[in-house]
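# Residue-level structural notes
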Amino acid sequence: MLEAFILFVLGLVILLVGAEGLVRGASSIATRSNISPLVIGLTIVAFGTSMPELVIAITAIFSESTDIGIGNIIGSNIANVFFALGIAALVGTLTVSRSTIKKEIPFLIVASGILLIMSLDTLLVPGVNSIGRLDGVGLLILFTLFMWYVYTLSRKPPPIGTKLLQLLRFNAKSYPYAISLTMSVAGLTGLAVGAMLTIDGAEILARAAGIPELAIGLTVVAVGTSLPELATTVVAVYRRKSDLAIGNIVGSNIFNILWVIGVASLVSPLAISDPLLLNIGIAVIASIVLFVVLIIGKMRLNRGAGVLFLGLYALYVFYLMTSG
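Residues numbered from 1 in each chain as written. Predicted model: local features only at pLDDT ≥ 70, side-chain atom pairs only at ≥ 80, totals over all residues. Heavy atoms only, no water.

## A closer look at the overall build of the protein chain
What counts is decided by this rule: A run of H or I in DSSP counts as a helix once it spans at least four residues, and a run of E counts as a strand once it spans at least two, with each numbered from the N terminus. Whether a residue is buried, partly exposed or exposed follows from its accessible area with a 1.4 Å probe, protein chains only, as a fraction of its type maximum: under 20%, in between, or over 50%, in that order. In these tables, accessible area is a Shrake-Rupley quantity obtained with a 1.4 Å probe, and a residue counts as shielded only by the protein chains included in the view.
A count of helices and strands for the protein chain gives 13 helices and four strands. Counting only residues that meet the buried cut, the protein chain has 51% of its 324 residues in that class. Element-wise, carbon and sulfur atoms account for 70% of the exposed surface of the protein chain, whose accessible area totals about 14,300 Å².

Next comes the structure, spelled out in C-alpha cells:
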C-alpha cells in the first residue's frame, strides 16, 4: 500500500515537472524562432497546461483503465470549481468581469452539456454509452471556435474583452537551442513515464483499498493533475488578479472537455459507464452552480462562497467513497 502511494506520488511529480519542462523548452524554441508571444500562448502554453490530463487519459486507454483516464478529466473539472475556487475564495474575494459571466462561463456550461448529451447514446439506440470518434470531431470543432474567440479577444485593446487571454499568455524565457531541445525532450519523456507510474499506482491503491478505479480517477488523480490550476488560482487571488483566477479555472475546464476528451476519443472511443455518466452530470451542475453563485454574489466569490464550494466538494468525495 505504501509502495503504491509512493509510486503514485512519484508519477504525479514527474508528470507535472515534465509538463513544465515541455512548456518552457518549446516556448523557448518558439521565442528564439521569432514566433509571437500570442501564438506561443495560444498553442504551446495553452495545450501544455492540459498535457497531464491528456497523457493520463491516453495512457489509461491503452492500459484498459478508461475509468481512471476519463474520470481524471471529469473529476478535474469538478475539483477546479469546488476545490480550487473554494480555497481561492478563502484566500480573498474573487471578482469576475461581465464578459466572463456573459460569455466564458455560459460557454463552459454549454460545452459540459454537449458532452453529457454525447454520452447518452442509449437514449437513441440500445447498447453502451460512449464518446465516439465522430463526437470527438465535434468537440474539436467547438474547441477551434473557442480558440478563435480567444484570438479575437487578443485583437481588442484593453479594457475591452476579458482577462481570460492572460491565462494563455506566457512570458517565455529564451534558452540556447540545445538546452531548449533537451528540456522539451525531457518534458515529453517525463509526461510519458509520469503518466504510467501514476496510473499504475492509482490502480494498486484502488484494489488495495477496495475503492473503484473511477473514484480514484475522480478524486486523487483529478486533484493531482489540477495542482497547476490550483497554484495559479491562489497566486492570482493573492496578487489581486481575481479575473485571472476565475479565467484560469473556466479556461482549463473548457480545454479539458473540448481538447483533451476530443483528442482522447479520436485515439479510441471512450466507453461511458453509468457512474461516469452521473459524474459528467455533476460537472455540468458544478458549472451552473458557479454561474448562479456569481450572479447572486453580484459577480463576486467571497469566503462564504468558498466555504459552500468546499462543503459541496467534501460531500461529493464522501459520496464517491461510500457509493461503492
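## A short note on the nonpolar core
The line we're drawing: For this analysis, a nonpolar core means a set of buried residues of the types Ala, Val, Leu, Ile, Met, Phe, Trp, Tyr and Cys, connected via side-chain atoms within 4.5 Å. Should any heavy atoms of two residues lie within 4.5 Å, those residues are considered in contact.
Judged by nonpolar contacts, the single largest core of 84 residues is most densely connected at Ile 74, Leu 290 and Leu 301. Setting aside residues no more than four positions away along its own chain, Leu 301 makes contact with Leu 85, Ala 89, Gly 92, Thr 93, Leu 94, Ile 246, Leu 290, Val 293, Leu 294 and Phe 309.

## Description of the environment of Ser 252
Tracing the backbone shows Ser 252 in helix α11 (residues 242-267). The spacing of Ser 252 and Leu 108 is 144 residues in sequence and 9.9 Å in space, taken between C-alpha atoms.

## With respect to helix α4 (residues 66-91)
Rule in force here: Helices are assigned an expected span. That span is 1.5 Å times one less than the residue count. A residue's bend is the angle separating two fitted axes: one through the seven residues that end there, the other through the seven that start there.
Over its 26 residues, α4 extends 35 Å from the first C-alpha to the last, a length consistent with the 38 Å expected when each residue adds 1.5 Å. Residue Ala 79 marks the point of greatest curvature in α4, where the axis turns by about 40°. For α4, the tally of buried residues reaches 20 of 26 residues, placing the bulk of the element in the interior.

## A look at the packing of aromatic side chains
So the rule is basically this: Aromatic contacts are taken between Phe, Tyr and Trp rings whose centres are within 6.5 Å, Trp giving its six-membered ring; a plane angle under 30 degrees counts as stacked, one over 60 as edge-to-face, and the others as tilted.
As enumerated under the stated definition, the model contains seven aromatic pairs in all. Between Phe 83 and Tyr 313, the aromatic rings sit 5.6 Å apart at their centres with planes inclined by 40°, giving tilted as the arrangement. Of this pair, Phe 83 sits in helix α4 while Tyr 313 is found in helix α13 (residues 303-323), placing the two residues 230 residues apart along the sequence. Note on Phe 143 and Phe 255: the rings are 5.1 Å apart at their centroids and 90° apart in plane angle, and the pair reads as edge-to-face. With Phe 143 in helix α6 (residues 133-154) and Phe 255 in helix α11, this residue pair connects regions lying 112 residues apart in the sequence. Linked through ring pairs, Phe 107, Phe 143, Phe 146, Phe 255 and Trp 259 together constitute an aromatic cluster.

## Comments concerning the side chain of Asp 135
Note the cut-off: We score Asp and Glu as negative and Lys and Arg as positive, and we do not count His or the chain ends. One side-chain nitrogen of Lys or Arg within 4 Å of one carboxyl oxygen of Asp or Glu is enough to make a salt bridge. In protein, a polar contact means a hydrogen-donor-capable atom and an acceptor-capable atom, both N or O and within 3.5 Å, with residues adjacent in sequence counting only if both atoms are side-chain atoms; elsewhere, any N or O pair within 3.5 Å suffices.
Tracing the backbone shows Asp 135 in helix α6. Although Asp 135 lies buried, it forms no salt bridge, and the closest oppositely charged side chain, Arg 133, sits 11 Å away as judged by the N-O distance. There is a polar contact of 3.0 Å between the side chain of Asp 135 and the backbone nitrogen of Gly 132. Excluding residues that lie within four positions of it along the chain, Asp 135 makes contacts with Met 118 and Ser 130.

## Structural notes on helix α8 (residues 177-209)
Every α-helix winds through 3.6 residues per turn, so residues three or four apart in the chain are directed the same way. End to end, α8 covers 47 Å across 33 residues, agreeing with the expected 48 Å (1.5 Å per residue, within 8%). Following α8 by one or two positions, Gly 210 has its phi on the positive side, about 70°.

## A word on the packing of helix α3 (residues 51-62) against α4
The description of two packed helices rests on the angle between their axes and on the distance between the axes. Note the threshold: Only the contacting stretch of a helix is used when fitting its axis, a line to C-alpha atoms as for every element, and angles between N-to-C directions run 0 to 180 degrees. For classification purposes, angles smaller than 35 degrees are called roughly parallel, those larger than 145 roughly antiparallel, those between 65 and 115 roughly perpendicular, and all remaining angles oblique. Note: crossing handedness is left-handed where the near helix turns anticlockwise from the far helix by less than a right angle, and right-handed where it turns clockwise. When residues are sorted by character, Ala, Val, Leu, Ile, Met, Phe, Trp, Tyr, Cys and Pro go into the nonpolar class, Asp, Glu, Lys and Arg into the charged class, and all the rest, Gly among them, into the polar class.
Two elements in contact, α3 and α4, have axes whose closest approach is 7 Å; the angle formed by their N-to-C orientations is 155°. Taken together, α3 and α4 sit at an angle that is classed as roughly antiparallel. The handedness of the crossing between α3 and α4 comes out as left-handed. Contacts between α3 and α4 involve Glu 53, Ile 56, Ala 57 and Ala 60 from the first element and Thr 66, Gly 69, Asn 72, Ile 73 and Ser 76 from the second. Split by residue class, the contact of α3 with α4 holds four nonpolar, four polar and one charged.

## Quick look at the environment of Gly 262
Within the element layout of this structure, Gly 262 appears in helix α11. For the pair formed by Gly 262 and Gly 136, sequence separation is 126 residues and the distance between their alpha carbons is 4.1 Å. Ignoring any residue separated from it by four or fewer positions in sequence, one finds Gly 262 in contact with Gly 136, Leu 139, Leu 140 and Ile 257.

## Let's talk about the confidence of the model for the protein chain
Where we set the bar: pLDDT measures the predictor's confidence residue by residue and takes values from 0 up to 100.
Here the protein chain averages 81 in pLDDT, and 85% of its residues register 70 or above. At the low end of the mean pLDDT range in the protein chain sits helix α7 (residues 164-168), at 46; at the high end sits helix α12 (residues 274-296), at 94.

## Things to note about the side chain of Thr 219
Here Thr 219 shows up in helix α9 (residues 213-225). Looking at Thr 219, its side chain comes within polar contact range of the main-chain oxygen of Ala 215, at 2.5 Å. Ignoring sequence-local partners within four residues, the contact set of Thr 219 consists of Tyr 313, Val 317, Leu 320 and Met 321.

## Points about a nonpolar patch on the surface
Definition in use: Note on patches: the residues involved have over 30% relative accessible area and no salt bridge, like charges join within 9 Å, and the nonpolar side chains Val, Leu, Ile, Met, Phe, Trp and Tyr join within 5 Å.
A contiguous nonpolar patch, built from Leu 2, Phe 5, Ile 6, Val 9, Val 13 and Val 17 and spanning about 550 Å² of accessible area, is present on the exposed surface. Take Val 17: it is sitting in helix α1 (residues 2-32).

## Considerations on unusual backbone geometry
Phi at Lys 298 takes a positive value of approximately 55°, unusual for a residue other than glycine. For Met 299, which is not a glycine, the phi torsion comes out positive at approximately 65°. Residue class for Met 299 comes out partly exposed when judged on its relative accessible area of 22%.

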